[in-house]
Amino acid sequence: AQSVTQLGSHVSVSEGALVLLRCNYSSSVPPYLFWYVQYPNQGLQLLLKYTSAATLVKGINGFEAEFKKSETSFHLTKPSAHMSDAAEYFCAVTLTSYGKLTFGQGTILTVHP
Amino acid sequence: EAGVTQFPSHSVIEKGQTVTLRCDPISGHDNLYWYRRVMGKEIKFLLHFVKESKQDESGMPNNRFLAERTGGTYSTLKVQPAELEDSGVYFCASSQETANTGELFFGEGSRLTVL
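Computed from a prediction, not measured in an experiment: that's the story for all the values here.

The rules behind the values
In every chain, residue numbers begin from 1 and rise along the written sequence. As a convention, the first chain written is A and the first ligand written is 1, with the rest following in written order. Only residues with pLDDT of at least 70 are given local features in this predicted model, and only at 80 or more are side-chain atom pairs given and counted; all residues enter the totals for whole chains, interfaces and linings. The basis for every side-chain value is the complete set of non-hydrogen atoms in the structure, without hydrogens or water. Two strands form a pair only when DSSP identifies at least two bridges running between them. Strands are runs of DSSP state E lasting at least 2 residues, helices are runs of H or I lasting at least 4, and numbering of each runs from the N terminus. The working definition used for a salt bridge is a side-chain nitrogen of Lys or Arg within 4 Å of a carboxyl oxygen of Asp or Glu. The rule is simple: take the accessible area with a 1.4 Å probe, protein chains only, and divide by the maximum for that residue type; under 20% is buried, over 50% is exposed, in between is partly exposed. All axes here are fitted lines through C-alpha atoms, helices being fitted over the stretch that makes contact, and every angle between N-to-C directions spans 0 to 180 degrees. Any N or O atom pair separated by 3.5 Å or less is treated as a polar contact, with the protein-specific requirement of one donor-capable and one acceptor-capable atom, and with residues adjacent in sequence counted only for side-chain atom pairs. Stacked, tilted and edge-to-face are the three classes applied to pairs of Phe, Tyr and Trp rings, where Trp contributes its six-membered ring and a pair requires centres within 6.5 Å; stacked means planes under 30 degrees apart, edge-to-face means over 60, and tilted covers the rest. Either the NZ atom of lysine or the CZ atom of arginine qualifies as a charge over a ring when it sits within 6 Å of the ring centre and within 35 degrees of the ring normal. Any two residues whose heavy atoms approach within 4.5 Å are treated as being in contact. Two parts placed together each lose some accessible area under a 1.4 Å probe, and adding up what both lose gives the buried area. Put simply, Ala, Val, Leu, Ile, Met, Phe, Trp, Tyr, Cys and Pro go in the nonpolar bin, Asp, Glu, Lys and Arg in the charged bin, and everything else, Gly too, in the polar bin.

1. Re the pairing of strand 6 (residues 53-56) of chain B
Residues and elements named next belong to chain B.
- In terms of strand pairing, strand 5 (residues 43-50) meets strand 6 through three bridges, oriented antiparallel. Residue pairing for strand 6: valine 50 is matched across the bridge by serine 53.
- Between the end of strand 5 and the start of strand 6, which pair antiparallel, lie two residues, with lysine 51 showing a positive phi angle near 55°.

2. Quick notes on the pattern of salt bridges
- Applying the stated rule across the entire model yields ten salt bridges over all chains.
- In this structure, glutamate 103 of chain B and lysine 49 of chain A form a salt bridge, with 3.0 Å as the shortest nitrogen-oxygen distance. Of this pair, glutamate 103 of chain B sits in the loop between strand 9 (88-95) and strand 10 (105-106) while lysine 49 of chain A is found in strand 5 (residues 44-50), placing the two residues in two different chains.
- With relative accessibility at 26%, the residue glutamate 103 of chain B sits in the partly exposed group.
- Overall, the relative accessible area of 26% leaves lysine 49 of chain A in the partly exposed class.
- Residues participating in the shared-partner salt-bridge network are Arg36, Arg64 and Asp86 of chain B.

3. Observations concerning the sheet that holds strand 3 (residues 19-26) of chain A
Residues and elements named next belong to chain A.
- Across the sheet, which stays open at both edges, the five strands sit in the order 1-3-8-7-6 with antiparallel pairing between neighbours. In this open sheet, the two strands that pair with only one neighbour each are strand 1 (3-7) and strand 6 (56-58). Between one strand and the next, the sheet's axes are offset by a mean angle of 20°, whatever the strand orientation.
- In the sheet, strand 3 pairs with strand 8 (residues 73-78) via four bridges, with the strands oriented antiparallel. Counterpart to asparagine 24 in the pairing with strand 8 is serine 73.

4. Side note on the side chain of glutamine 6 of chain B
All names here are of chain B.
- With respect to the secondary-structure elements, glutamine 6 resides in strand 1 (residues 5-7).
- Given a relative accessible area of 14%, glutamine 6 falls into the buried group.
- In this structure the side chain of glutamine 6 is engaged in a polar contact, spanning 2.8 Å, whose partner is the backbone oxygen of tyrosine 90.

5. Describing the sheet that holds strand 7 (residues 65-68) of chain B
Residues and elements named next belong to chain B.
- Read across the sheet, four strands follow the order 1-3-8-7 without closing on themselves; strand pairing throughout is antiparallel. Each edge of the open sheet carries a strand with a single partner, namely strand 1 and strand 7. Recorded for the sheet is a direction-independent mean angle of 15° between the axes of neighbouring strands.
- Examined bridge by bridge, strand 1 and strand 3 (residues 19-24) share three bridges and lie antiparallel to one another. In the strand pairing of strand 3, glutamine 6 is matched with cysteine 23.

6. A closer look at the packing of aromatic side chains
- Enumeration according to the criterion identifies 14 aromatic pairs over all chains in this entry.
- Between the aromatic rings of tyrosine 25 of chain A and phenylalanine 67 of chain A, the centroid separation amounts to 6.0 Å while the plane-to-plane angle is 20°, which identifies the pairing as stacked. Here tyrosine 25 of chain A is found in strand 3, whereas its partner phenylalanine 67 of chain A is found in strand 7 (residues 64-68), with 42 residues between them in sequence. Comparing tyrosine 25 of chain A with phenylalanine 67 of chain A, the two get one shared label, buried.
- Here a set of aromatic residues connected by ring pairs shows up, and it is made of Phe34, Tyr36, Phe90 and Phe103 of chain A together with Tyr35, Phe45, Phe91 and Phe106 of chain B.
- The ring centre of tyrosine 74 of chain B lies 3.8 Å from the NZ or CZ of arginine 22 of chain B, which sits over that ring.

7. Some points on the interface of chain B and chain A
- Taken together, the contact pairs 20 residues of chain B with 22 residues of chain A.
- When chain B packs against chain A, close to 1800 Å² is buried across both sides, 55% of that on carbon and sulfur atoms.
- Between the two partners, chain B and chain A, sit three salt bridges.
- Glutamate 88 of chain A is the salt-bridge partner of arginine 37 of chain B, the closest N and O atoms lying 3.0 Å from each other.
- One can count ten residue pairs in polar contact (both at pLDDT 80 or more) joining chain B with chain A.
- Sorting the residues of the side of chain B that touches chain A by element identifies strand 4 (31-37) and strand 5 of chain B as the ones contributing at least two each.
- Of the residues contributing to the side of chain B that touches chain A, the split by class is eight nonpolar, seven polar and five charged.

This is the structure:
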């Protein structure tokens, strides 16, 4: 069985600063990995996904994540935070070919002016 | 194109009552999923439909929960009788193909409060 750990339930950054949201997974084999974002009063939206192609994955809104097998990590980064990035971010994994995802606990990102 | 829609957005019921949540997936999406997030915890998988068939219901908590997808279009999730621990946000998601790994389109969720 797989599991996901997101370090830090709340992360606060200043506008223009680097965003780093941490995700570590536990799986017997390399899984498929995802980052989803939930903006206030909206459903979850896919930011990016890793499916065993390139280890550096680029997503929407300037976000990217790097799959590091040796560290079992899939951290999400963005070079410069924008106020509109304030949201809750979820890391998720699956070993299935369909959408049975195991989610992390979520990280609420706050961006200060 | 309309997204995944869920109804109601918020429901408050007493313990022992029945609640039915509805999900309308994106048109043409054969795969439909239900997830739940209990307050303070992670989002958890409940079940997966392909058209009208349940493919994986391993996440359903107990037999008080009944999901249906008659005709392979919209789905309902009934909780009967509701218990306090059923409170949370119930998310529905859909995807176009089973092989489209994990690329789910989520609704805004139905918040259930059991008093």
